Amino acid sequence: MSTPAPLPVTWSPRRNRYVLLPICVALVAVFTAVAFAMPPNWQANDRIAMVSSGLLFAAVGLMLARPRVSADDEGVTVVNFVRSRRLAWAEIVRVNLRAGDPWVVLDLADGTSLAAVGIQPAAGREQAISAARALRDLVDDRGTARR
């Protein structure tokens, strides 16, 4: 077992954010520009629908940029696309990242599992393996000390 990472620590697919955030801004700008560049026979509700569509697409992009896993002295916060969940160290039994998995999966003490989308090989396989190991070491160190 290696030395656990210093706390607090946050893992997230940064490359996804660097790509998605400018795309979201561009979507809103383009849809707004198109709405106001349309011929005069477009009504106000058509323009509002166009701008709203840009905002909706940007909201989906921002949702895809949300995932992260944060660890501190009290436990782990897993923020996925729509939901977030706070876990105490003792609730996490095992950290899994098997070959072919799209992201880390946490096995929990209540028999369920929780996807931790903030640590994913798509953002870099070696980086994901390193993050999964660091989280596993923290769970081993913190979880067993408090059980």
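Our structure's up above, just so we're on the same page.
Quick caveat, the model's predicted, so the values are computed rather than measured.

What counts and how
- Per chain, residues are indexed from 1 in the order of the written sequence.
- A pLDDT threshold of at least 70 governs which residues receive local features in this predicted model, and a stricter bar of 80 or more applies before side-chain atom pairs are shown or counted, although totals over entire chains, interfaces and linings include all residues.
- In computing side-chain values, all of the structure's heavy atoms are included and hydrogens and water are not.
- Think of a salt bridge as a Lys or Arg side-chain nitrogen and an Asp or Glu carboxyl oxygen that are within 4 Å of each other.
- Secondary structure counts use DSSP, requiring at least four H or I residues in a row for a helix and at least two E residues in a row for a strand, with both numbered from the N terminus.
- Partly exposed residues are those whose accessible area sits between 20% and 50% of the maximum for their type, while under 20% is buried and over 50% is exposed, using a 1.4 Å probe and protein chains only.
- Buried residues of nine kinds, namely Ala, Val, Leu, Ile, Met, Phe, Trp, Tyr and Cys, make up a nonpolar core once their side-chain atoms join them within 4.5 Å.
- The criterion used for residue contact is that any of the two residues' heavy atoms lie within 4.5 Å.
- DSSP-based pairing: two strands are paired if at least 2 bridges between them are found.
- The convention used is that axes are lines fitted to C-alpha atoms, helices contributing only their stretch in contact, and that angles between N-to-C directions extend from 0 to 180 degrees.

Draft legend 1. Seen up close, the pattern of salt bridges. Scanning all chains against the criterion turns up 5 salt bridges. Here Arg94 ties to Asp107 by a salt bridge, and the two come within 3.0 Å at their closest N and O atoms. Here Arg94 is found in strand β5 (residues 92-96), whereas its partner Asp107 is found in strand β6 (residues 104-108), with 13 residues between them in sequence. Looking at Arg94, the relative accessible area reads 48%, which means it is partly exposed. Classification of Asp107 as buried rests on a relative accessible area of 18%. A salt bridge links Arg136 to Asp137, with the shortest nitrogen-to-oxygen separation between them at 3.3 Å.

Draft legend 2. A look at the nonpolar core. One finds Trp11, Val76, Ile92, Val104, Leu106, Ile119 and Leu135 to be the most contacted residues of the largest nonpolar core, which totals 25 residues. For this core, the elements supplying multiple residues, two or more each, are β1 (9-11), β2 (68-71), β3 (75-79), β5, β6, β7 (113-116) and α3 (125-145). Looking at this core element by element, the count peaks at 8 residues for α3. Trp11 has contacts with Arg68, Val69, Ala71, Gly118, Ile119, Ala131, Ala134, Leu135 and Leu138, leaving out every residue within four places of it along the chain.

Draft legend 3. Geometry of the sheet that holds β7. Pairing within the open sheet is antiparallel, and its 3 strands lie in the order β5-β6-β7. Since the sheet does not close on itself, it has two edges, and those belong to β5 and β7, each with one partner. The average undirected angle you get between the axes of adjacent strands in this sheet is 25°. Here β5 runs beside β6; their pairing, made up of 4 bridges, is antiparallel. Of the residues in β6, the one forming a bridge with Val95 is Leu106.

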